[in-house]
Each structure stands twice: as C-alpha cells, then as structure tokens.
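Okay, here's what each chain looks like letter by letter:
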Amino acid sequence: MMNNLSTKMTTTKAPTMTTETKITARDVQVYYGEKQALRDVNIEIRPRSVTAFIGPSGCGKSTFLRCINRMNDTIASCRVEGNILIDAENIYDSKVDPVQLREKVGMVFQKPNPFPKSIYENVAYGPRIHGLAKNKAELDEIVSIALQKAGLWNEVKDRLDAAGTGLSGGQQQRLCIARAVAVSPEVILMDEPCSALDPIATAKVEELIHELRENYTIVIVTHSMQQAARVSQRTAMFHLGELVEENDTDKMFTNPDDQRTQDYIMGRFG
Ligand SMILES: Nc1ncnc2c1ncn2[C@@H]1O[C@H](COP(=O)(O)OP(=O)(O)O)[C@@H](O)[C@H]1O
Ligand SMILES: [Mg+2]
C-alpha cells in the first residue's frame, strides 16, 4: 500500500504531469514593419520539460521563439506587443537587461555557429563575460562540466585548443549546446537544431535534449513531426501567425483538437 502510494506520488511529479509554469505569453503580437507576423499568442510553458513548436514554414515559430529571449530586439523593423513572463517577471519590462536575460535564456540555432576560436574558448566565453569564474581553475571546471553535459567531453578533452570550427557538424552543434549550458541558463531555446545534421548526429542531439530536460526548460522549433513526437512532452502548433493548438504531445499526434493540426500532421499541407 505504502509502496503504491509512493509510486503514485513520484508519477505525479514527473515533468509531463507538472502544471507549474516557467514561461507565460499573454496576447503577444509581433510585427515586422507594417506586417503582422504573430497574432494573439497565449501559452504557458512548463519547467523542466520539452515543448516543441511545429507548423508550416513562415507561420512564426522562429519569431515567437526569439520573443522569449528578446532576440527580436536585434531586428530593427521588429515590434513586440503583449507580455512574456519568465518566473512571473515581465521580460519586456524596461528594467530588464537583455544581456542578463540571455544568460538565463540560452539559444541554439539552426546552423551550428561556433566562434572562430578554440573549443575551450567557445565554451569559456560566456562564463568569462558574465564573471562566473574566480580563476582559471574554476573556468576550466565550468568548461569541462558544460562539455560533459553536452555529451562532447570524451571526444574533445585531448584537443581543447583545437578550432571549434574543425569539428564535425554534429560535434559543432553539441559545442554550441555546451556554450549555451556553460552560463547555467534556466531555459534553452533551440531553433531547428538538427536541420543541418545527419541522422546519427541528430540522434545524439535528441538524446542530449532528453537528458537536459531534467534540469532545463527546453523549447524546440522543429519541422520534423517525428522529432517533436520523440523529444517533447508538450507540442504547440502554429499556423499563419497564430498558435492554433497546444497540447500533450501524445494527444497532439493521435487525437488533436484542431482541424488544422490534424491536416498538418496528416501531411495535407506544409
Ligand atoms: N527579419 C525579418 N524581417 C521581416 N519579416 C520577417 C523576418 N523574419 C521573419 N519574417 C516574416 O515573419 C513571418 C514568420 O517567419 P518565421 O518566424 O521565420 O517563421 P517560421 O520560423 O515558422 O518558418 C514570415 O512571414 C516571415 O517572412
Ligand atoms: Mg524558423
């Protein structure tokens, strides 16, 4: 009896079952100049779980992802309205420093983009500019831990001074994940992180996402529905600038509520 109960309690605490919220978007509108790219986006994203954004090309997935760490600030024509809260703090508040925000909300891009520097320097850069290490030994430790978390340590530990750009595509993407992880973010945003990778490198990154989920809130844009189904617990479907449905991934791919989701996952468009 006692055993049953404790099993149940553990199950309730599993990431897929949590009803806590890490990120809340309320009535988000995004414009590029006159053109509206996103309309009335409302979503609550759960901590320590993976949320996948799917939908046809041009529907606004990347635009919304970039709202979450204010990367759209860097696009002159882009205007964001509405509220995005992380841990109940409005990240668009004037007292929020976007550089500090991006330490908390890391990002991994479609094409691996290591700096033209050594493997070590790629990972050490963030911790150094944010002053996270007191001395060289501490920095070495941070670099080594980040590379371990990114599943790359064994492959590079003997050549930390080699150029990051000399690694294979899949290794470069894991290096970029190590770089994101090195500053101890709470949220990691990934915009089609596997689209430039072969199937083996993709499988490694997916395995990594699975492990990272224990400690980070992960939001991943993917054009692959198989990938969304494999890596995520929640899935959000965008279409023509609207968030049309957000649901448990299992339900999304078996019995979605919205006709547009059904059409998309059946391959009727997109
Ligand atoms: N930098 C930009 N300047 C102007 N329009 C943009 C820019 N980025 C995206 N858009 C437009 O916003 C819409 C959504 O794009 P995007 O967020 O990239 O979609 P997705 O990632 O789903 O393919 C598209 O119509 C796209 O052309
Ligand atoms: Mg995109």
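Read on for a plain summary of the structure.

### Observations concerning the nonpolar core
Membership of the largest hydrophobic core comes to 43 residues, with the highest contact counts inside it found for Leu-147 and Ile-177. Among the elements of the structure, strand E3 (50-54), helix H4 (119-129), helix H5 (136-149), helix H7 (169-181), strand E7 (187-191), helix H8 (199-212), strand E8 (217-221) and helix H9 (225-231) are those that each provide at least two residues to this core. Dropping the residues within four chain positions of it, Ile-177 is found in contact with Val-108, Ala-150, Met-190, Val-205, Leu-208 and Leu-212.

### A word on the pattern of salt bridges
Counted under the stated rule, the structure contains 16 salt bridges. Among the ionic pairs, Asp-257 bridges to Lys-251, the shortest N-O distance being 3.1 Å. Lys-251 gets classed as partly exposed once you look at its relative accessible area, which sits at 27%. Through salt bridges with shared partners, one network takes in Lys-22, Asp-87, Lys-104 and Glu-186.

### A short note on the pairing of E8
Most of E8 is tucked away: 5 of the 5 residues are buried. Side chains Thr-217, Val-219 and Val-221 of E8 all project onto a buried face; the interleaved residues Ile-218 and Ile-220 project onto the opposite face, where all are buried too. Both E3 and E8 contribute to a ladder of 4 bridges, which runs parallel. Considered in E8, the bridge of Phe-53 is made with Val-221. Pairing of E7 with E8, which is carried by 5 bridges, proceeds in the parallel orientation. Following the sheet pairing, Ile-188 is matched in E8 by Ile-218.

### Things to note about the sheet that holds E7
Reading across the sheet, the 6 strands line up as E6-E7-E8-E3-E9-E10 and stay open at both edges, with mixed pairing between neighbours. The open sheet terminates on both sides in strands that have one partner only, identified here as strand E6 (105-108) and strand E10 (242-248). Going from strand to strand, the sheet's axes swing by 20 degrees on average, the running direction of each strand aside. On top of the sheet, H7 reaches E6 and E7; it is set at about 170 degrees to E6, its chief contact. Relative to the sheet, H8 contacts E3, E7 and E8, its axis offset from that of E8 by approximately 150 degrees.

### Description of the site of ligand 1
In the vicinity of ligand 1, 13 residues are found, and the nearest of them are Lys-35, Gly-58, Lys-61, Ser-62 and Thr-63. Between Gly-58 and ligand 1, the recorded distance is 2.7 Å, taken from a backbone N or O atom to an oxygen atom. Considering ligand 1 on its own, with 560 Å² of exposed area, one finds that the protein chains cover 65% of that surface. Residue assignment for the shell around ligand 1 shows that the elements contributing at least two residues are strand E2 (35-45) and helix H2 (61-67).

### Some details on the packing of H4 against H7
Relative to each other, H4 and H7 sit at 30 degrees, their axes nearing to 7 Å. Considered as vectors, H4 and H7 are oriented roughly parallel to each other. For H4 against H7, the interelement crossing comes out right-handed. For the pair H4 and H7, the contacting residues are Ile-119, Asn-122 and Val-123 in the first and Leu-175, Ala-178 and Arg-179 in the second. Here the contact of H4 with H7 is built from residues that sort into 4 nonpolar, 1 polar and 1 charged.

### A short note on the sheet that holds strand E4 (residues 78-86)
Read from one edge to the other, the open sheet built from 4 strands follows the order E2-E1-E4-E5, with strand pairing classed as antiparallel. Of all strands in the sheet, those bounded by a partner on one side alone are E2 and strand E5 (89-90). Pairing analysis gives 2 bridges linking E4 to E5, with the strands arranged antiparallel. When the sheet's bridge partners are listed, Leu-85 is paired in E5 with Asn-90.

### Here's the deal with unusual backbone geometry
Positioned with a positive phi, Arg-48 is a non-glycine residue whose angle comes to about 45 degrees. Mapped onto the secondary structure, Arg-48 falls in the loop between E2 and E3. Even without being a glycine, Asp-87 presents a positive backbone phi close to 50 degrees. By secondary structure assignment, the location of Asp-87 is in the loop between E4 and E5. In this structure Asp-87 comes out as partly exposed when scored by relative accessible area, which is 39%.

Rules used throughout
- Residues numbered from 1 in each chain as written.
- Chains lettered and ligands numbered in written order.
- Predicted model: local features only at pLDDT ≥ 70, side-chain atom pairs only at ≥ 80, totals over all residues.
- Heavy atoms only, no water.
- Core = buried A, V, L, I, M, F, W, Y, C linked by side-chain atoms within 4.5 Å.
- Buried < 20%, exposed > 50% of the residue type's maximum accessible area, 1.4 Å probe, protein only.
- Helix = DSSP H or I, 4+ residues; strand = E, 2+ residues; numbered from the N terminus.
- Contact = heavy atoms within 4.5 Å.
- Salt bridge = Lys/Arg side-chain N within 4 Å of Asp/Glu carboxyl O.
- Pairing = 2+ DSSP bridges.
- Axes fitted to C-alpha atoms, helices over the stretch in contact; angles between N-to-C directions.
- Near = heavy atom within 4 Å.
- Polar contact = N/O pair within 3.5 Å; in protein donor to acceptor, adjacent residues only side chain to side chain.
- Areas by Shrake-Rupley, 256 points an atom, 1.4 Å probe, with all protein chains shown as cover.
- Parallel < 35°, antiparallel > 145°, perpendicular 65-115°, else oblique.
- Left-handed = near helix turned anticlockwise from the far one by under 90°.
- Nonpolar A, V, L, I, M, F, W, Y, C, P; charged D, E, K, R; others polar.

Everything listed here is a matter of geometry and, on its own, says nothing about what the molecule does.
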